[in-house]
Amino acid sequence: MVAIGRAASTFLSWTTPQGIQTPLELSQRPEGRFTICKRDISPGDDLLSIPLSSCLKSDSLENLAEKLAHEKNRGSKSKFAPYIEFLPTLEGDEASGRPALSHLPRFWKGKRLDLVLDGGQLDARMRRDERPDIDQWALACVDSRANFLGDGMGYAMTPMLGKLVA
């Protein structure tokens, strides 16, 4: 195992004052980040407790991407700066252990797209999803990490939740 990077350490320090609670620990190997639990878990135990106040929320995925881009542009002034600095980058950052979003199909080009034999469904979906008016990093983060909160509640970028699945 390798040590978690500065962005991960800062993010984990940020989670406690946000009220985020979990018995899971973030670890890292050369091939990526993962979570582990070093204590017994019983049926019914909470693995993650995240107040909605610690989430970026919006009524639509597009608006959520715009909010995420806005918070990223605010830099260290954003309440969410440690979370944003922990999210993947477009090309990845090996030094900090931040993964790349460029592996997502929305960024595929030419020969790689030609290898997909799905009757043109992926290509049609990519054209439908093409939104040059929205920050592509934010849109990719939202598309790959946002969760639906329920009817009338919209969508959220939920800190720590992505570590259970990504």
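Residues numbered from 1 in each chain as written. Predicted model: local features only at pLDDT ≥ 70, side-chain atom pairs only at ≥ 80, totals over all residues. Heavy atoms only, no water.

S.K.: Report on the packing of helix α2 (residues 61–74) against helix α6 (residues 136–145), specifying residues and quantitative values.
M.R.: At a minimum axis distance of 8 Å, the contact between α2 and α6 shows a crossing angle of 125°. When the axes of α2 and α6 are compared, the pair comes out oblique. Considering the relative orientation of α2 and α6, their crossing is right-handed. Where α2 approaches α6, its residues Leu61, Leu64, Ala65, Leu68, Ala69 and Lys72 are matched on the opposing element by Trp137, Ala138, Leu139, Cys141 and Val142. For the contact of α2 with α6, the per-class residue count stands at 10 nonpolar, no polar and one charged. (Axes fitted to C-alpha atoms, helices over the stretch in contact; angles between N-to-C directions. Helix = DSSP H or I, 4+ residues; strand = E, 2+ residues; numbered from the N terminus. Parallel < 35°, antiparallel > 145°, perpendicular 65-115°, else oblique. Left-handed = near helix turned anticlockwise from the far one by under 90°. Contact = heavy atoms within 4.5 Å. Nonpolar A, V, L, I, M, F, W, Y, C, P; charged D, E, K, R; others polar.)

S.K.: Explain the pairing of strand β4 (residues 147–150) residue by residue, including any values.
M.R.: Sheet topology places β4 next to strand β5 (residues 154–157); three bridges connect them, and they run antiparallel. Looking at β5, one finds that Gly150 is bridged to Gly154. Counted between consecutive antiparallel strands, the loop separating β4 from β5 contains three residues, among which Gly152 sits at a positive phi close to 80°. (Pairing = 2+ DSSP bridges.)

S.K.: I'd like to hear about the confidence of the model for the protein chain, residue by residue, with values.
M.R.: Looking at the protein chain as a whole, its pLDDT mean stands at 83, while 90% of the residues score no less than 70. By mean pLDDT, the top-scoring element of the protein chain is strand β3 (residues 56–58) (96), and the lowest-scoring one is helix α7 (residues 162–165) (60). (pLDDT = per-residue confidence, 0-100.)

S.K.: Let's hear about the environment of Gly150: which residues, and what values?
M.R.: Along the chain, the position of Gly150 falls in strand β4. On the accessibility criterion, Gly150 (18% relative accessible area) is buried. Sequence separation between Gly150 and Leu113 is 37 residues; the distance between their C-alpha atoms is 34 Å. (Buried < 20%, exposed > 50% of the residue type's maximum accessible area, 1.4 Å probe, protein only.)

S.K.: Give me the lowdown on the environment of Gln28, citing residues and values where you can.
M.R.: By the element assignment, Gln28 lies in strand β1 (residues 24–29). In this structure, the C-alpha to C-alpha distance between Gln28 and Ala8, residues 20 residues apart in sequence, is 9.7 Å.

S.K.: Got a sec to walk through the nonpolar core? Specific residues and values, please.
M.R.: One finds Leu68, Leu87, Trp137, Cys141 and Met157 to be the most contacted residues of the largest nonpolar core, which totals 26 residues. The biggest single contributor to this core is α6, with six residues. (Core = buried A, V, L, I, M, F, W, Y, C linked by side-chain atoms within 4.5 Å.)

S.K.: Tell me about the packing of aromatic side chains, and name the residues and values.
M.R.: Under the counting rule described, the total for this entry stands at six aromatic pairs. Relative to Tyr83, the ring of Phe11 lies with its centre 6.0 Å away and its plane at 35°, an arrangement referred to as tilted. Within this pair, whereas Phe11 is found in helix α1 (residues 6–15), its partner Tyr83 is found in helix α3 (residues 81–86), the two being separated by 72 residues in sequence. Each member of the pair, Phe11 as well as Tyr83, is classed as buried. (Phe/Tyr/Trp six-rings, centres within 6.5 Å; stacked < 30°, edge-to-face > 60°.)

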